[in-house]
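# Close look at the chain arrangement
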Amino acid sequence: MKVNTDSMLLGSWAQPGNAKRVLDIGTGSGILALMMAQKASSAAQITAVDIDGPAAAQAAQNFAASPWSTQLKALTGDITSLAFSGRFDVIITNPPYFESVSGGSRAYTTLTTERATARIDDSLSPATLFDVVSRQLTDDGIFYCVYPASRETLITETAEKAGLYASQRLYVSAEVDKQPYLIAWRFKRQRNCLDSKQLAIRDGNGEYTSEFRRLCREFYLKF
(Lines give C-alpha, C1' and ligand atoms only; values in the text may rest on other atoms or scores of the structure.)
Protein backbone atom coordinates (compact mmCIF):
# COMPACT_ATOMS: atom_id res chain seq x y z
CA MET A 1 0.00 0.00 0.00
CA LYS A 2 1.18 3.51 -0.76
CA VAL A 3 2.02 5.97 2.01
CA ASN A 4 -0.79 8.49 2.35
CA THR A 5 -0.80 12.04 3.64
CA ASP A 6 -2.90 11.16 6.71
CA SER A 7 -0.36 8.58 7.93
CA MET A 8 2.56 10.91 7.23
CA LEU A 9 0.85 13.69 9.15
CA LEU A 10 -0.09 11.46 12.10
CA GLY A 11 3.38 9.94 12.37
CA SER A 12 4.99 13.37 12.21
CA TRP A 13 2.67 14.76 14.90
CA ALA A 14 2.76 11.83 17.33
CA GLN A 15 5.45 11.83 20.01
CA PRO A 16 6.50 8.42 21.42
CA GLY A 17 8.82 10.05 23.95
CA ASN A 18 10.50 7.46 26.16
CA ALA A 19 7.99 4.70 25.38
CA LYS A 20 9.43 1.23 25.77
CA ARG A 21 6.58 -0.61 24.00
CA VAL A 22 4.74 0.78 20.97
CA LEU A 23 1.86 -0.81 19.04
CA ASP A 24 0.86 0.13 15.48
CA ILE A 25 -2.62 -1.22 14.64
CA GLY A 26 -3.38 -1.82 10.96
CA THR A 27 0.20 -1.14 9.94
CA GLY A 28 -0.19 -1.63 6.18
CA SER A 29 3.24 -1.04 4.68
CA GLY A 30 4.62 -0.23 8.14
CA ILE A 31 5.01 3.52 7.73
CA LEU A 32 3.74 4.53 11.18
CA ALA A 33 5.83 1.87 12.93
CA LEU A 34 8.92 3.04 11.04
CA MET A 35 8.22 6.66 11.95
CA MET A 36 7.82 5.74 15.61
CA ALA A 37 11.10 3.79 15.50
CA GLN A 38 12.87 6.82 14.05
CA LYS A 39 11.47 9.13 16.76
CA ALA A 40 11.54 6.80 19.79
CA SER A 41 14.49 5.84 21.97
CA SER A 42 16.78 3.01 20.93
CA ALA A 43 15.27 0.92 23.74
CA ALA A 44 11.76 1.04 22.26
CA GLN A 45 10.25 -2.13 20.81
CA ILE A 46 7.58 -1.54 18.17
CA THR A 47 4.99 -4.18 17.29
CA ALA A 48 3.06 -3.68 14.05
CA VAL A 49 -0.12 -5.67 13.39
CA ASP A 50 -2.20 -6.10 10.26
CA ILE A 51 -5.07 -8.48 9.60
CA ASP A 52 -3.97 -8.75 5.96
CA GLY A 53 -1.11 -11.24 5.50
CA PRO A 54 0.48 -9.66 2.39
CA ALA A 55 0.44 -6.22 4.06
CA ALA A 56 2.15 -7.58 7.18
CA ALA A 57 4.70 -9.38 4.98
CA GLN A 58 5.44 -6.13 3.13
CA ALA A 59 5.84 -4.32 6.45
CA ALA A 60 8.27 -7.01 7.63
CA GLN A 61 10.35 -6.52 4.49
CA ASN A 62 10.39 -2.76 5.00
CA PHE A 63 11.42 -3.25 8.64
CA ALA A 64 14.27 -5.58 7.71
CA ALA A 65 15.63 -2.99 5.27
CA SER A 66 15.49 -0.17 7.84
CA PRO A 67 18.11 1.00 10.35
CA TRP A 68 15.71 -0.04 13.17
CA SER A 69 15.22 -3.69 12.17
CA THR A 70 16.04 -4.99 15.66
CA GLN A 71 13.32 -2.80 17.22
CA LEU A 72 10.49 -3.67 14.83
CA LYS A 73 8.26 -6.73 14.57
CA ALA A 74 5.35 -7.34 12.17
CA LEU A 75 2.48 -9.68 13.05
CA THR A 76 -0.45 -10.97 11.03
CA GLY A 77 -3.71 -11.29 12.93
CA ASP A 78 -6.92 -9.79 14.22
CA ILE A 79 -6.05 -7.18 16.85
CA THR A 80 -9.20 -8.07 18.80
CA SER A 81 -7.95 -11.58 19.54
CA LEU A 82 -4.15 -11.34 19.56
CA ALA A 83 -2.44 -11.95 22.90
CA PHE A 84 0.57 -9.83 23.88
CA SER A 85 3.13 -10.28 26.65
CA GLY A 86 2.31 -6.90 28.17
CA ARG A 87 0.56 -3.59 27.63
CA PHE A 88 1.86 -0.72 25.49
CA ASP A 89 3.06 2.77 26.40
CA VAL A 90 2.01 4.18 23.02
CA ILE A 91 -0.57 2.89 20.56
CA ILE A 92 -0.97 4.49 17.14
CA THR A 93 -3.27 3.81 14.21
CA ASN A 94 -4.58 5.23 10.97
CA PRO A 95 -7.82 3.23 11.21
CA PRO A 96 -10.49 2.36 8.65
CA TYR A 97 -12.55 5.51 8.13
CA PHE A 98 -15.60 4.73 6.09
CA GLU A 99 -18.80 3.08 7.21
CA SER A 100 -20.00 0.31 4.92
CA VAL A 101 -22.44 1.45 2.26
CA SER A 102 -26.06 0.39 2.66
CA GLY A 103 -28.55 -0.29 -0.10
CA GLY A 104 -27.60 -0.84 -3.71
CA SER A 105 -24.47 1.30 -3.83
CA ARG A 106 -21.47 -0.08 -5.69
CA ALA A 107 -19.13 2.54 -4.19
CA TYR A 108 -16.58 -0.01 -2.98
CA THR A 109 -16.99 -2.83 -5.47
CA THR A 110 -13.81 -1.92 -7.32
CA LEU A 111 -11.64 -2.15 -4.21
CA THR A 112 -9.45 -5.17 -3.60
CA THR A 113 -10.27 -7.12 -0.44
CA GLU A 114 -7.19 -5.81 1.39
CA ARG A 115 -7.86 -2.22 0.29
CA ALA A 116 -11.46 -2.46 1.45
CA THR A 117 -10.28 -3.78 4.82
CA ALA A 118 -8.03 -0.74 5.18
CA ARG A 119 -10.76 1.74 4.22
CA ILE A 120 -14.11 0.42 5.50
CA ASP A 121 -14.56 0.33 9.26
CA ASP A 122 -16.65 -2.85 9.36
CA SER A 123 -13.29 -4.54 9.92
CA LEU A 124 -12.47 -2.32 12.94
CA SER A 125 -15.22 0.02 14.09
CA PRO A 126 -14.41 2.92 16.43
CA ALA A 127 -16.13 1.09 19.33
CA THR A 128 -14.07 -2.04 18.74
CA LEU A 129 -10.84 -0.08 18.31
CA PHE A 130 -11.25 1.91 21.53
CA ASP A 131 -12.13 -1.25 23.43
CA VAL A 132 -8.90 -2.86 22.21
CA VAL A 133 -6.88 0.24 23.09
CA SER A 134 -8.40 0.41 26.56
CA ARG A 135 -7.29 -3.17 27.20
CA GLN A 136 -3.81 -2.84 25.71
CA LEU A 137 -2.72 0.63 26.90
CA THR A 138 -0.71 1.12 30.08
CA ASP A 139 -2.18 3.29 32.85
CA ASP A 140 -0.09 6.28 31.76
CA GLY A 141 -0.10 5.38 28.07
CA ILE A 142 -0.97 7.52 25.06
CA PHE A 143 -3.15 6.65 22.08
CA TYR A 144 -2.80 8.47 18.73
CA CYS A 145 -5.23 8.17 15.84
CA VAL A 146 -6.92 10.10 13.03
CA TYR A 147 -10.57 10.20 12.00
CA PRO A 148 -12.64 12.36 9.65
CA ALA A 149 -13.69 15.65 11.21
CA SER A 150 -17.31 14.74 10.50
CA ARG A 151 -17.07 11.98 13.15
CA GLU A 152 -15.75 14.21 15.95
CA THR A 153 -18.71 13.74 18.30
CA LEU A 154 -18.84 9.98 17.73
CA ILE A 155 -15.11 9.57 18.41
CA THR A 156 -15.24 11.70 21.57
CA GLU A 157 -18.20 9.77 22.97
CA THR A 158 -16.82 6.36 21.96
CA ALA A 159 -13.46 7.12 23.56
CA GLU A 160 -15.03 8.27 26.83
CA LYS A 161 -17.13 5.11 27.04
CA ALA A 162 -13.84 3.20 26.88
CA GLY A 163 -12.30 5.37 29.61
CA LEU A 164 -10.10 7.42 27.27
CA TYR A 165 -10.08 11.22 27.09
CA ALA A 166 -8.73 13.58 24.46
CA SER A 167 -5.76 15.66 25.58
CA GLN A 168 -4.73 17.03 22.17
CA ARG A 169 -6.64 17.56 18.96
CA LEU A 170 -5.28 18.78 15.62
CA TYR A 171 -7.83 19.98 13.06
CA VAL A 172 -6.43 19.46 9.56
CA SER A 173 -7.69 21.23 6.45
CA ALA A 174 -6.54 20.50 2.92
CA GLU A 175 -6.12 24.20 2.20
CA VAL A 176 -5.99 27.50 4.08
CA ASP A 177 -9.49 28.86 4.85
CA LYS A 178 -11.11 25.48 4.15
CA GLN A 179 -13.06 23.49 6.73
CA PRO A 180 -11.11 20.67 8.44
CA TYR A 181 -11.50 17.26 6.82
CA LEU A 182 -9.51 15.35 9.43
CA ILE A 183 -8.73 15.39 13.15
CA ALA A 184 -5.59 13.92 14.67
CA TRP A 185 -6.26 12.81 18.24
CA ARG A 186 -4.17 12.16 21.36
CA PHE A 187 -5.96 10.23 24.11
CA LYS A 188 -5.03 9.31 27.69
CA ARG A 189 -6.83 7.60 30.56
CA GLN A 190 -6.73 10.78 32.61
CA ARG A 191 -9.03 13.75 31.98
CA ASN A 192 -6.95 16.70 30.79
CA CYS A 193 -7.34 20.25 29.61
CA LEU A 194 -7.91 19.76 25.89
CA ASP A 195 -5.36 21.48 23.64
CA SER A 196 -6.74 22.15 20.15
CA LYS A 197 -4.78 23.46 17.16
CA GLN A 198 -5.33 23.85 13.43
CA LEU A 199 -3.14 22.97 10.46
CA ALA A 200 -3.59 23.64 6.74
CA ILE A 201 -1.68 21.38 4.35
CA ARG A 202 -1.61 23.78 1.37
CA ASP A 203 -1.87 27.52 0.94
CA GLY A 204 -4.05 29.41 -1.54
CA ASN A 205 -1.50 28.81 -4.31
CA GLY A 206 -1.53 25.07 -3.84
CA GLU A 207 1.89 24.98 -2.19
CA TYR A 208 2.60 23.22 1.10
CA THR A 209 2.27 25.61 4.02
CA SER A 210 5.30 26.40 6.17
CA GLU A 211 3.52 24.78 9.15
CA PHE A 212 3.01 21.50 7.28
CA ARG A 213 6.59 21.56 6.00
CA ARG A 214 7.91 22.15 9.50
CA LEU A 215 5.81 19.32 10.94
CA CYS A 216 6.83 16.73 8.32
CA ARG A 217 10.35 17.92 7.49
CA GLU A 218 11.99 15.00 9.29
CA PHE A 219 10.27 12.53 6.95
CA TYR A 220 9.76 14.38 3.65
CA LEU A 221 13.17 14.61 1.97
CA LYS A 222 11.97 17.33 -0.42
CA PHE A 223 11.20 19.58 2.57
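These figures come from a predicted structure and were not determined experimentally. (Residues numbered from 1 in each chain as written. Predicted model: local features only at pLDDT ≥ 70, side-chain atom pairs only at ≥ 80, totals over all residues. Heavy atoms only, no water.)

Structurally, the position occupied by aspartate 24 is in strand β1 (residues 21-25). Residue aspartate 24 is classed as buried on the basis of its relative accessible area of 0%. Once residues lying within four places of it in the same chain are set aside, the contact partners of aspartate 24 are Leu32, Ala33, Thr47, Ala48, Val49, Ile92 and Thr93. (Helix = DSSP H or I, 4+ residues; strand = E, 2+ residues; numbered from the N terminus. Buried < 20%, exposed > 50% of the residue type's maximum accessible area, 1.4 Å probe, protein only. Contact = heavy atoms within 4.5 Å.)

One open sheet accounts for eight strands, arranged β3-β2-β1-β4-β5-β7-β6-β8; its pairing is mixed. Strands at the two margins of the open sheet, each flanked by one partner only, are β3 (72-76) and β8 (195-202). Sheet twist, expressed as the mean angle between neighbouring strand axes with direction ignored, is 15°. Bridge analysis of strand β6 (residues 165-175) against strand β7 (residues 182-188) gives seven bridges, and the strand direction is antiparallel. Within β7, the position partnered with arginine 169 by the bridge is tryptophan 185. (Pairing = 2+ DSSP bridges. Axes fitted to C-alpha atoms, helices over the stretch in contact; angles between N-to-C directions.)

Looking now at the nonpolar core. Among the nonpolar cores identified, the biggest contains 37 residues, and Leu9, Tyr144 and Phe212 are the most heavily contacted of them. When residues in this core are grouped by element, the largest group, seven residues, is from helix α2 (residues 31-39). What tyrosine 144 contacts, discounting residues up to four positions off in sequence, is Leu10, Trp13, Ala14, Gln15, Val90, Ile91, Ile92, Thr93, Trp185 and Arg186. Among the nonpolar cores identified, the runner-up in size contains 25 residues, and Val132, Leu164, Ala166 and Phe187 belong to it. (Core = buried A, V, L, I, M, F, W, Y, C linked by side-chain atoms within 4.5 Å.)

Scanning the entire structure with this criterion turns up nine aromatic pairs. Judged by centre distance (5.2 Å) and plane angle (85°), the rings of phenylalanine 84 and phenylalanine 88 are edge-to-face. Using a relative accessible area of 0% as the deciding quantity, one classes phenylalanine 88 as buried. Here a set of aromatic residues connected by ring pairs shows up, and it is made of Phe130, Phe143, Trp185 and Phe187. Across from the ring centre of phenylalanine 88, 4.4 Å away, lies the NZ or CZ of arginine 21, which sits over that ring. A cation over a ring is seen here: arginine 202 above tyrosine 208, with NZ or CZ 4.2 Å from the ring centre. (Phe/Tyr/Trp six-rings, centres within 6.5 Å; stacked < 30°, edge-to-face > 60°. Lys NZ or Arg CZ within 6 Å of the ring centre and 35° of its normal.)

As a further point, take helix α3 (residues 53-64). In a regular helix each residue adds 1.5 Å, so 12 residues correspond to 16 Å; α3 covers 17 Å between its end C-alpha atoms and thus fits that length. Buried residues along α3 sit against α2, β2 (45-50) and β3. Capping the start of α3 is the job of one residue whose side-chain oxygen sits 3.0 Å from the backbone nitrogen of alanine 55: aspartate 52. (Expected span 1.5 Å × (residues − 1). Polar contact = N/O pair within 3.5 Å; in protein donor to acceptor, adjacent residues only side chain to side chain.)

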